[in-house]
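# A closer look at the structure
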Amino acid sequence: MSLIWRHLPEGVFVASALVLPWLWLWRPQDGRGWTKRRIWIAAVSHGILACTLLLLSATITRMLPPAFSQWARAFGLVWAAVILWVSAVRRASAWMGLQAKERLTSPARRHFLRVAAGAAYAAPAAIGYAAILQRHDLQMREVEVRIAGLPKDLDGLKLVQLSDIHMGEFLSRSDVTRAVDIANETNAHIALITGDLISYDGDPLEECLAELKRLRADAGVFGCLGNHETYAHAEEKVTVWGARLGMRFLRGESASLSFGKANLNLAGVDYQPFRQPYLDGVESLVVPASLNVLLSHNPDVFPVARRKGFPLTI
C-alpha cells in the first residue's frame, strides 16, 4: 500500500489519461441506455483497471529520475483534478438525463472508438504482466561471444552478468537470492555487476550487496555503476561497501586478470549520461597485447568503445 500511496498522483494521471477518455466517449449503442446494472459493471471494471494502472505506474515511475517523478506528481495532480471533474460532471449529467443523448452516426467513428477502447485495456494489461508479474520469472540467457584473434587461453572463458537489479520495490531480496543462485550455477570465471543495484536513496543497498557477496567466480566479482546509483547518491557507498565484501566496482579504472599465458584487461566506467561525449579519456585504460573488455551501464557507448580499443563491451 505504501508503494501505491507514494506514487498516487502519477498513478491517477496514467489511469485518468487512459481510462477516462474512453468513459467520456463511449455510449451504449443498443438503445437501452445506462441501467443500474451497467453502471455497476462499468464502475467495477474501470476500478479494477485503475488499480492495475496505479500499481504499474508506481513501479515504472520508481525507475525514473527524481526530477521527472516530482514533475509527474505535480502535473498528475492538476491533470487528474481537471479530467476527473469534467468527466464526472459530464457522466453524471448524462446518467441523470440532463444532457441530450449523443449518438455516433458514423460507423467508421464507432469502429475507431471501439478499437481505441480495446487498446486502452490491452496495452496496460500487457505492460502490467511484464512489469509486475514477468519480472519474477528469472531465467539465465547464455550468449556466445566471438572475438577475432582471441588468445587460446581465453577461449571458453565464462562471464556471468547481473544488471539492473533495482532491489526494493522492483525485486525482493528473495528474487535477488534466486538470481545469485542461478549465476553461481554457471561456474563462471568472472562475475560482473553492471549497475542499478537499487533505484533511489532509502532502498536496501546493504541487503543487495550482502546478497551479491554470495556470487562465486574464479577470478572474482567486478562491476560498474548505473544511473540510479547517481540518483541515490550512492556511488561511494557502493564502491566502499562493495570492496569490504570482496567486490570491486571499477570507476574509470581497470583490473588486469591472467588466464594461462593470456591477459584480460577489465575496465569500468561510471554511468555515461545521454547526449554527452561518451567515454572521454577511456583510451588510457586500454592495455596493449591484452583482451580489453569494458563495463558500462549505458549501451549507447558500444560503438564508441570499439573505436577506442575495446572489442567487447558489457
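Report follows, based on the coordinates. Owing to the predicted nature of the structure, the values given are computational and were not obtained by experimental measurement.

Bringing the overall build of the protein into the picture now. Of the regular secondary structure elements, the protein holds ten helices and eight strands. Within the protein, the proportion of its 314 residues that are buried is 40%. Within the protein, contacts between residues at least 6 apart in sequence are counted, and of these 77% link residues at least 24 apart. Of the roughly 17600 Å² that the protein leaves accessible, carbon and sulfur atoms contribute 61%.

Let's shift gears to the sheet that holds strand S5 (residues 253-259). Pairing is mixed in the open sheet, where four strands are placed in the order S5-S6-S7-S8. With partners counted over all chains shown, the strands left at the sheet margins are S5 and strand S8 (312-313), one partner each. When S5 meets strand S6 (residues 262-268), the two strands line up antiparallel, connected through seven bridges. Looking at the pairing, Ser 258 lines up with Asn 263 of S6.

What follows concerns the packing of aromatic side chains. Applying the stated criterion across every chain, the model contains two aromatic pairs. Considering the side-chain rings of Tyr 271 and Phe 274, the 6.2 Å spacing of their centres and the 85° angle between planes classify their relative orientation as edge-to-face.

Residues of helix H7 (residues 205-212) that are buried include every one of Leu 205, Cys 208, Leu 209, Glu 211 and Leu 212, and no others. End-on, the buried residues of H7 take up no more than an arc of 160°, which puts them together on one face.

Where H7 contacts helix H9 (residues 235-244), the axes come no closer than 11 Å and their chain directions differ by 40°. Considering their axes alone, H7 and H9 lie oblique with respect to each other. Relative to H9, H7 is oriented so that their crossing is right-handed. Contacts from Leu 205, Glu 206 and Leu 209 of H7 reach H9 at Lys 237, Val 238, Trp 241 and Gly 242. Split into classes, the residues belonging to the contact of H7 with H9 amount to four nonpolar, one polar and two charged.

A few words on the environment of Phe 222. Here Phe 222 is to be found in strand S3 (residues 221-224). On the basis of relative accessibility, which here comes to 8%, the residue Phe 222 falls in the buried class. Not counting residues up to four positions away in its chain, the partners in contact with Phe 222 are Ile 190, Ala 191, Leu 192, Ile 193, Arg 248, Leu 250, Ala 255, Leu 257, Leu 266 and Leu 295.

All right, on to the side chain of Ser 290 then. With respect to the helices and strands, Ser 290 occurs in the loop between S6 and strand S7 (291-295). In terms of polar contacts, Ser 290 uses its side chain to reach the side chain of Asn 263, at 2.7 Å. Beyond its immediate sequence surroundings of up to four residues, Ser 290 is in contact with Asn 263 and Asn 265.

Grouped together as the largest cluster of nonpolar side chains are 26 residues, with contacts concentrated most on Ile 193, Leu 197, Leu 212, Leu 215 and Phe 249. Within the residue set of this core, elements represented by two or more residues are strand S1 (159-162), helix H6 (173-184), strand S2 (190-194), H7 and strand S4 (247-249). Ignoring anything within four residues of it in the chain, the contact list for Leu 197 reads Ile 165, His 166, Met 167, Leu 205, Cys 208, Leu 209, Leu 212, Glu 229, Val 238 and Phe 249. By size, the runner-up hydrophobic cluster in this structure holds 18 residues, among which are Phe 222, Leu 257, Leu 291 and Val 293.

Another aspect to go through is the pattern of salt bridges. The full count for this structure, using the stated rule, is ten salt bridges. Linking Arg 173 and Glu 207 is a salt bridge whose minimum nitrogen-to-oxygen distance equals 3.9 Å. Of the two residues, Arg 173 sits in helix H6 while Glu 207 sits in helix H7, which places them 34 residues apart along the sequence. Of the charged contacts, one joins Arg 214 and Asp 181 as a salt bridge, the two residues approaching to 2.3 Å between their closest N and O atoms. Within this pair, whereas Arg 214 is found in the loop between H7 and S3, its partner Asp 181 is found in helix H6, the two being separated by 33 residues in sequence. Looking at Asp 181, the relative accessible area reads 33%, which means it is partly exposed. Shared partners join several salt bridges into a network, and the residues in it are Arg 173, Asp 181, Glu 207, Glu 211 and Arg 214.

What counts and what doesn't
- Residues numbered from 1 in each chain as written.
- Predicted model: local features only at pLDDT ≥ 70, side-chain atom pairs only at ≥ 80, totals over all residues.
- Heavy atoms only, no water.
- Helix = DSSP H or I, 4+ residues; strand = E, 2+ residues; numbered from the N terminus.
- Buried < 20%, exposed > 50% of the residue type's maximum accessible area, 1.4 Å probe, protein only.
- Contact = heavy atoms within 4.5 Å.
- Areas by Shrake-Rupley, 256 points an atom, 1.4 Å probe, with all protein chains shown as cover.
- Pairing = 2+ DSSP bridges.
- Phe/Tyr/Trp six-rings, centres within 6.5 Å; stacked < 30°, edge-to-face > 60°.
- Arc of directions from axis to C-beta.
- Axes fitted to C-alpha atoms, helices over the stretch in contact; angles between N-to-C directions.
- Parallel < 35°, antiparallel > 145°, perpendicular 65-115°, else oblique.
- Left-handed = near helix turned anticlockwise from the far one by under 90°.
- Nonpolar A, V, L, I, M, F, W, Y, C, P; charged D, E, K, R; others polar.
- Polar contact = N/O pair within 3.5 Å; in protein donor to acceptor, adjacent residues only side chain to side chain.
- Core = buried A, V, L, I, M, F, W, Y, C linked by side-chain atoms within 4.5 Å.
- Salt bridge = Lys/Arg side-chain N within 4 Å of Asp/Glu carboxyl O.

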